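Below are the chains, spelled out letter by letter.
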Amino acid sequence: MNNGGDSMVSYYIRSPAIGDIVTFRDPTQQPEDEHGVFIKRIVAKAGDLVQIHHGWLYVNGIAQKEDFLAEHPSYKSNLTYVPEGHVYVLGDNRNNSYDSHVWLVQKRL
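The rules behind each value
Residues numbered from 1 in each chain as written. Predicted model: local features only at pLDDT ≥ 70, side-chain atom pairs only at ≥ 80, totals over all residues. Heavy atoms only, no water. Helix = DSSP H or I, 4+ residues; strand = E, 2+ residues; numbered from the N terminus. Buried < 20%, exposed > 50% of the residue type's maximum accessible area, 1.4 Å probe, protein only. Contact = heavy atoms within 4.5 Å. Areas by Shrake-Rupley, 256 points an atom, 1.4 Å probe, with all protein chains shown as cover. Core = buried A, V, L, I, M, F, W, Y, C linked by side-chain atoms within 4.5 Å.

### Side note on the overall build of the protein chain
Along the protein chain, the regular secondary structure elements total one helix and 10 strands. Listing the helices and strands of the protein chain from first to last along the sequence gives β-β-β-β-β-β-β-β-β-α-β. Residue burial in the protein chain is summarised as follows: out of 109 residues, 38% are buried. Counted over contacts in the protein chain with a minimum sequence separation of 6, partners at least 24 positions apart contribute 46%. Of the roughly 6500 Å² of accessible surface on the protein chain, a fraction of 51% belongs to carbon and sulfur atoms.

In structure tokens:
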């Protein structure tokens, strides 16, 4: 959905949960751009602290078991706070994914 140029994830049945797969428009593109739809996994919600370090995703200081990954991330990220009304999303192909580790967090309804 689009609201004044902000790219958002919208849920109609329930609130988003960790592990959910979501689709949304590229948050760095103009609203009229019809390309750049992403499919990502929610890995953290509002109030969480997220970091990628030593090939592992840490949420609130706890390394996450992610058996679905082809390989662990080869990059690291700064500790990031997920603000209210946002989620942190990552692609399952972590080393080739344009996601929250690049543009921080994803706004949602």
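There is more to say after this.
### Some remarks on the nonpolar core
In summary, soluble globular proteins display a tendency toward joint burial of nonpolar side chains. Val43, Ala44, Val50, Ile52, Leu57, Val59, Tyr75, Val82, Tyr88 and Leu90 form the largest nonpolar core, which has 10 residues in total. At the level of secondary structure, the elements contributing two or more residues to this core comprise strand 4 (37-45), strand 5 (49-53), strand 6 (56-59) and strand 9 (86-90). The next biggest cluster of nonpolar side chains, apart from the first, holds seven residues, and it includes Val22, Phe38, Ile42 and Val89.

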